[in-house]
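Chain and residue survey
The lines below spell out each chain.
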Amino acid sequence: MIKKIFLFLFSFIFIFNLENKADEGMWIPMLLKKYNIEDMKKKGFKLTAEDIYSVNQTCMKDAVMIFGGGCTGELISAEGLLITNHHCGYGQIQKHSSLKNDYLTDGFWAMSREEELANPNLTVTFLVRMEDFTERILKDIDDNLNEKERQEKIAYNIAFAEAEATEGTNYKAKVKSFFYGNEYYLFVSEVYKDVRLVGAPPSAIGKFGGDTDNWMWPRHTGDFSIFRIYADKYNKPAEYSAENVPYKPKKHFPISLKGVEKGDFTMVFGYPGTTEEYLTSFAIESKINTLNPSKINIRQKKIDIMLKAMDKDRKVRIQYSSKHAGTSNAWKKWIGEKRGLERLNAIEKKKKLEKEFSLWAKKQNIKIYSELLPRYEKIYEELTPYSLASDYFYEAGYSLDIIRFVTKFKSFKSVNKNTQEIEIKTKIFKLNSSIKSFFKDYNKETDKKIFTEILKIYYNNTKKNFRPEIFNMVDKKFKGDINKYADYFYKKSIFVDQNKLRKFLDKFKASKLKKLKKDPAYQMTESLIDFYVEKIAGKLSELELEVLKLNRFYLDGLRKMQKDKVFYPDANFTLRIAYGQVDDYFPYDGIRYKHFTTLKGIMEKDNPEIYDYDVPDKLKELYKNKNYGKYADKNGNMRVCFTASNHTTGGNSGSPVINGNGELIGVNFDRNWEGTMSDIMYDPDQCRNITLDIRYALFIIDKFAGASHLIKEMTLVE
Ligand code: ARG
Ligand code: GLU
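Just so it is clear, the model here is predicted, and its values are computed rather than measured. (Residues numbered from 1 in each chain as written. Chains lettered and ligands numbered in written order. Predicted model: local features only at pLDDT ≥ 70, side-chain atom pairs only at ≥ 80, totals over all residues. Heavy atoms only, no water.)

What about the overall build of the protein chain?
When its secondary structure is counted, the protein chain shows 26 helices and 19 strands. Computed over the C-alpha atoms, the radius of gyration of the protein chain is 27 Å, within 12% of the 27 Å expected from 2.2 N^0.38 for a compact globule of 718 residues. With the principal axes as the frame, the protein chain shows a C-alpha extent of 85 × 70 × 60 Å. For the protein chain, buried positions account for 55% of its 718 residues. When contacts within the protein chain are restricted to residue pairs at least 6 apart in sequence, long-range pairs at least 24 apart make up 77% of them. For the protein chain, the exposed surface amounts to about 33,200 Å²; the carbon and sulfur share of it is 52%. (Helix = DSSP H or I, 4+ residues; strand = E, 2+ residues; numbered from the N terminus. Rg over C-alpha atoms; globule rule 2.2 N^0.38 Å. Buried < 20%, exposed > 50% of the residue type's maximum accessible area, 1.4 Å probe, protein only. Contact = heavy atoms within 4.5 Å. Areas by Shrake-Rupley, 256 points an atom, 1.4 Å probe, with all protein chains shown as cover.)

Section: the site of ligand 2
Taken together, H87, W215, T648, T649, G650, G651, N652, S653, F669, D670 and R671 form the complete shell of residues around ligand 2. Residue R671 places a side-chain N or O atom 2.6 Å away from an oxygen atom belonging to ligand 2. In the complex, the protein chains occlude 92% of the 290 Å² of accessible area that ligand 2 would expose alone. (Near = heavy atom within 4 Å. Polar contact = N/O pair within 3.5 Å; in protein donor to acceptor, adjacent residues only side chain to side chain.)

What about the site of ligand 1?
Taken together, H87, K207, G210, D211, N214, W215, A325, N329, S653, F669 and D670 are the residues near ligand 1. Take H87: an N or O atom from its side chain is 3.3 Å from an oxygen atom of ligand 1. The contact in question runs from a nitrogen atom of ligand 1 to an N or O atom on the side chain of D211, over 3.0 Å. Coverage of ligand 1 by the protein chains reaches 89% of its 340 Å² of free accessible surface. Class assignment for the residues of the shell around ligand 1 results in three nonpolar, five polar and three charged. (Nonpolar A, V, L, I, M, F, W, Y, C, P; charged D, E, K, R; others polar.)

What about the pattern of salt bridges?
Within the structure shown, the criterion is met by 55 salt bridges. With a closest N to O distance of 3.4 Å, K43 and D39 form a salt bridge. Pair noted here: K43 and D39 are both in helix α3 (residues 37–43), with a separation of four residues, about one helical turn. Assessed through its relative accessible area of 22%, K43 is described here as partly exposed. A single network of salt bridges, built from pairs that share partners, joins E79, R113, E116, R228 and E713. (Salt bridge = Lys/Arg side-chain N within 4 Å of Asp/Glu carboxyl O.)

Section: helix α16 (residues 421–440)
An ideal rise of 1.5 Å per residue puts 28 Å on 20 residues; α16 measures up with 28 Å between its terminal C-alpha atoms. Close packing links the buried residues of α16 with α12 (314–344), α15 (401–407) and α20 (498–506). (Expected span 1.5 Å × (residues − 1).)

Re unusual backbone geometry
Of note, the bond from W217 into P218 is cis; its omega dihedral lies within 30 degrees of zero at 0°. For Y180, which is not a glycine, the phi torsion comes out positive at approximately 50°. With phi around 55°, N345 is a residue other than glycine that occupies positive phi space. Along the polypeptide, N345 turns up in the loop between α12 and α13 (346–364).

Some thoughts on the pairing of strand β8 (residues 194–200)
A large share of β8 lies buried, amounting to seven of its seven residues. Direction of pairing for strand β4 (residues 108–109) relative to β8: antiparallel, over a ladder of two bridges. Within β8, the position partnered with F108 by the bridge is A200. The sheet contact formed by β8 and strand β9 (residues 225–231) spans five bridges and is antiparallel. The residue bridging L197 from the neighbouring strand is F227, located in β9. (Pairing = 2+ DSSP bridges.)

Things to note about a positive patch on the surface
Side chains of K444, K477, K491, K492, K500 and K515 sit close together on the surface and give a patch of like positive charge. Structurally, K444 is set in helix α17 (residues 444–461). A relative accessible area of 34% means that K444 is categorised as partly exposed. (Patch = residues over 30% accessible without salt bridge, like charges linked within 9 Å, V, L, I, M, F, W, Y side chains within 5 Å. Lys, Arg positive; Asp, Glu negative; His and termini not counted. Charge placed at Lys NZ, Arg CZ, Asp CG, Glu CD.)

Purely spatial values, then, with no claim about function.
Okay, structure coming up:
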């Protein structure tokens, strides 16, 4: 009897747990029918799995794309108009900006097709189809191969499969690993290369709240920008040409003006980049207690210096705005993630699971499973110092602007006295655009300051054998004084000054090679790279390969142990569905955060003294007159953002947020700070994605920018 009650209770807890956890997961579109559609329908989705993903009919996937290299975008008109985040179009907006045409500050709106701005190198990528390729990729893989041989063989199989999948087409194919190499899927895609900037609100709207509010709720950022895809006259991808015409998509999203309320179904369809939900306690410990704190510390310093310089000088603000946003974004996320994992007791929870696994493994009597955890423990002890050295190399060395710039000159390495003059001239010619774009956003004083302070951190926090040779020279020649070394560096190097560099290159001959090789910036760059290649890379990849192998077995074992659980694969920048509902949350005892914000909140934050909160006059006027047109909610308020329980991550920026009828209700752009640990462990109580209410974007386009011709292109559902 007792046993029965216990069983009953247990099953209740189990079911309850499942229900509660159901918003977690980034699901494979092709498998929705098998695993998710029933649950989605229960939660309010009214269409079919084929309406989302199908190879036989037009479906939502035809309107979703990878925007650029790391964001998502979606089509919103029959003439190739797409919407993504302001922070996703930021690089393009920034590139078109100068003191004279400051689109970052003032916004940009093409009032006709002719005014739309071309963006060399910007592409959008549509998924044509996906397929389970596990069997093909693993067909001749023998379990007795060592890990290196195994990976080589798999790489060969992948290359072969990819080539075969696109033979005779202009498509691209990629096979990606899922569940740490337990499964493989093929993705065939089509890349459009003429994508033009159509509209962007001023940063005071599109980046309202800036990095102060980044990763935070309540949020009031109008984080969107508008582009248009162009195609050749056959509607096929083509390089930029004045002859190209707007792309005519198979499908674009209808836009709902009805808005959302708490409990409403939402789904996010896009390209989440990376998650690590199945990490072991050892990996989390290494990351949270050793690696991330060092990276946070380095970036903190960079950010402080940039902010000071940006506040002092408008030109520096334009030059460093994109760099600053990039540096601060991950920095702030890591801080939130650490807190979230601590609050969740993530390490304890993982240890508990690992204990269970060990007991199960013992029972299975399969050697590799029972050996896994001790092997993990040992390998992380060995790996962590190398990962740390690699992080320092990257964060405090290689990623310094001046160093990255010098790496572009690596082709000079092969120059010798026999090199033809024409060959040298070609090399220099090829560097022209890099030189131009580097110096456009270069401020010597700021660059030097960052260089100096970051190198100090590098020097003071690493042991001799875990840092580049060049520091020994600094020891010898400058008695370890980084300030003096930096003075010498910025006085002597030809790379820190555009005129000096141009002059040098104009007269460059093979005989001048010596001067180049003695340049302090060139030497520093070489030393960094040599260090990484000779002392870090080999060992690091050897250890990481071993971890990969353990992960593969561990996940395989976990899936066998938890037979009834449906596992979702970690994000790997392939198309996924996350679904859940509009929801508020309780971040701390006694505080409830409502699930939406309104324009009123923007007025409350308004403060012309603070750059991030300086509200444009025009917006204040629209607010005063309540001039919201059909974009207001039923109480006459202008909603700005809302939160929901969709499991998202970086890469989901710009993703369509869709209601139960398949209509666009918003554009995903962020998560809440309390929930950023969802990349490692999802907590249904705390994890929320942040969406721009589509009605606010329409209001800004229509009423603020007066670009109503764009609204006319869209399909609005009232
Ligand atoms: N946190 C968001 C994401 O991960 C937005 C980043 C851009 N915004 C910013 N203020 N840096 O990408
Ligand atoms: N802002 C992120 C991006 O650029 C999305 C936010 C997240 O990480 O969830 O993709």
